Amino acid sequence: MKKIIALNVNGELREIAVNPWRTLVDALREDLRLTGTKRACGQGSCGVCTVIMDGKAILSCLTLAVECEGRSITTIEALGGPDGLHPLQQSFIDHGAVQCGFCTPGVIMTAKALLDGNPHPDEEEIKDALAGTYCRCTGHIKTVEAVRHVAQSDREAE
Amino acid sequence: MRLPHFEHLKPASLQECLAALAESGDEAGLMAGGTDLLCNMKFGVIKPRKVVSIGSIPELCQVSEDGDGNLQIGACATLSDLVQNPLLSASFPALHDAIKSVGSVHVRNMATIGGNICLAPRCWYYNQSQQWRRALTACHREGGIECHAIGGAQRCHAINSSDTAPVLMALDAQVCLRRKDGERWLPLRNFFRDDGNRHTVLEAGEMLTCIVIPKGSAKHRSLFIKVQLRRGLDFAIGSVGASLGGNGQGKEITLVMNSLCSAPLILAKAAQAIMEEGLNDAAIAKAATAARGELGTVTNLFTSAGYKRQIVEVLVKRALTELKTDVVARRKPH
């Protein structure tokens, strides 16, 4: 039986009717048409479906939509579009950390959750956070460099 | 992969949850973080008709010290919260290390300690899609009489991959199992069954609610070491939790291996060697060799039996050497 849930997605209160077996990634993509979040392995081993829920990076493929009642969710759509990129997005482009781009939303949301909680992580902390994401084409060195650049440029700005 | 259909229950309190469990019996699957349960449901490995969500029941999420100074951890405390908890990192660094080694940041943000202890055992044959499993006859896990992972095996040899279990066992943790009409406490080392098909002593309608680590274990030197193919995300292909009590001579030593058998394994013979001869290099070598022989049938998942015995030997040697170095360092006058 479908249940109506209200959740805050990217600052906007949204109401959807979902079956209990609907995962958050499917609700975002199919019910809310927010297709920036990708679905891949479905078993928590690639990090592609990462969104930020109440400040923490979580896997939307292993989260039931009904469990998100009243929660606050941030997806890649909140970060920026072609007119105004988020510093992480720009840094990923500058460092060649995007190739096919499929894993990028997940990696960037993971990095954002890290930087929101810890604006100046060291290399180990960046690697530890990004260890839950999986890029099959451009490799992990460049994603780490892209995140490190944002962490360092923030510091210089201060 | 899509989830099968099920009914979703979200009890507001532990009492309500236990009542729902008593009513549902075997039909219910408990979901805290969901990282293990939902994954297994997608593969059709388990098929609960009802999913009982317990992750936000307040009384299951608390971490505190009881009146006697023992550390009480609610089963639904998330691994991320525990990693950041100063009570844990100060008194039980080995447990802190074990928790921090689980999965990834994402998984730790969702997964709970109770879920990690109860983690469903895994098998290279059985933990695949339904289509894959239909290709062969039913195995022990599916009610059959065969094992496709280890030919001729008389029982299911799925592997227990919990990282927290070996450390908690080495620290002498107790667990509280509740059901609608009562509760029982038992040492965690009596919680597991060496059978991949039914790997804990939990009865239908019963659930793990709380873990207690005795105050005395905080004085022990303890450590956790894990071997993985990759440092992130992968399940271990061998792990050891060790604790050394008393004056550091080796009379009170516990070594627990996991990710090799269907239940965490207490290495009695290896510990015996240290207890008899003390914590010295000769005894460590003897203990490491003895540990090889303590593994039973171990050819499931990732590597060969010979390699697994080698992992045990290496892990025991590393763990004991590290404990010895630590003891020596503390004895030196400052």
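Let us look at the structure shown here. (Residues numbered from 1 in each chain as written. Chains lettered and ligands numbered in written order. Predicted model: local features only at pLDDT ≥ 70, side-chain atom pairs only at ≥ 80, totals over all residues. Heavy atoms only, no water.)

On to the overall build of chain A. For chain A, the count of helices and strands is five helices and five strands. When the elements of chain A are put in sequence order from the N terminus, they spell out β-β-α-β-β-β-α-α-α-α. In summary, chain A has a C-alpha radius of gyration of 16 Å against a globular reference of 15 Å for 158 residues, a match within 12%. In terms of overall dimensions, chain A has a C-alpha envelope of 50 × 30 × 30 Å along the principal axes. A sequence separation of at least 24 residues applies to 53% of the contacts in chain A between residues at least 6 apart. Roughly 7,200 Å² of accessible area belongs to chain A as shown, and the carbon and sulfur atoms make up 48% of that amount. (Helix = DSSP H or I, 4+ residues; strand = E, 2+ residues; numbered from the N terminus. Rg over C-alpha atoms; globule rule 2.2 N^0.38 Å. Contact = heavy atoms within 4.5 Å. Areas by Shrake-Rupley, 256 points an atom, 1.4 Å probe, with all protein chains shown as cover.)

The next point concerns the packing of aromatic side chains. Summed over the entire model, instances satisfying the criterion amount to three aromatic pairs over all chains. Centre to centre, the rings of Trp-124 of chain B and Tyr-125 of chain B are 6.4 Å apart; their planes meet at 90°, and the pair counts as edge-to-face. For Trp-124 of chain B, a relative accessible area of 35% puts it in the partly exposed group. Ring geometry for Phe-191 of chain B versus Phe-192 of chain B: centroids 5.2 Å apart, planes at 80°, classification edge-to-face. When sorted by exposure, Phe-191 of chain B lands in the same class as Phe-192 of chain B, which is buried. Residue placement shows Arg-133 of chain B over the ring face of Tyr-126 of chain B; its charged tip is 4.8 Å from the ring centre. The aromatic ring of Tyr-134 of chain A is capped on one face by Arg-230 of chain B, whose charged end is 5.4 Å from the ring centroid. (Phe/Tyr/Trp six-rings, centres within 6.5 Å; stacked < 30°, edge-to-face > 60°. Buried < 20%, exposed > 50% of the residue type's maximum accessible area, 1.4 Å probe, protein only. Lys NZ or Arg CZ within 6 Å of the ring centre and 35° of its normal.)

With that settled, consider the sheet that holds strand S2 (residues 28-31) of chain B. Across a sheet, paired strands are connected by hydrogen bonds in the backbone, their directions being either parallel or antiparallel. All names here are of chain B. Spatial strand order, S1-S3-S2: three strands in an open sheet with parallel pairing. The open sheet has two edge strands with one neighbour each: strand S1 (7-9) and S2. If you compare each strand with its neighbour and ignore which way they point, the axes differ by 25° on average. Examined bridge by bridge, S1 and strand S3 (residues 50-53) share three bridges and lie parallel to one another. Bridge pairing in S3 links His-8 to Val-51. (Pairing = 2+ DSSP bridges. Axes fitted to C-alpha atoms, helices over the stretch in contact; angles between N-to-C directions.)

Moving on: the packing of helix H3 (residues 104-117) of chain A against helix H4 (residues 123-130) of chain A. The description of two packed helices rests on the angle between their axes and on the distance between the axes. Residues and elements named next belong to chain A. Running from amino to carboxyl end, H3 crosses H4 at an angle of 135°, the nearest separation of the two axes being 9 Å. With respect to their mutual orientation, H3 and H4 come out oblique. Note on packing geometry: the crossing formed by H3 with H4 is right-handed. Residue-level inspection shows Val-107, Thr-110, Ala-111 and Leu-114 of H3 in contact with H4, the latter providing Glu-125, Ile-126, Ala-129 and Leu-130. (Parallel < 35°, antiparallel > 145°, perpendicular 65-115°, else oblique. Left-handed = near helix turned anticlockwise from the far one by under 90°.)

Glancing now at H3 of chain A. Residue and element names in this part refer to chain A. Here H3 contains 14 residues, and its C-alpha end-to-end distance of 20 Å stays within 8% of the 20 Å for a straight helix at 1.5 Å per residue. Among the 14 residues in H3, 12 count as buried, and that is most of the element. Of all the positions in H3, only Thr-104, Pro-105, Gly-106, Val-107, Ile-108, Met-109, Thr-110, Ala-111, Lys-112, Ala-113, Leu-114 and Leu-115 are classed as buried. (Expected span 1.5 Å × (residues − 1).)

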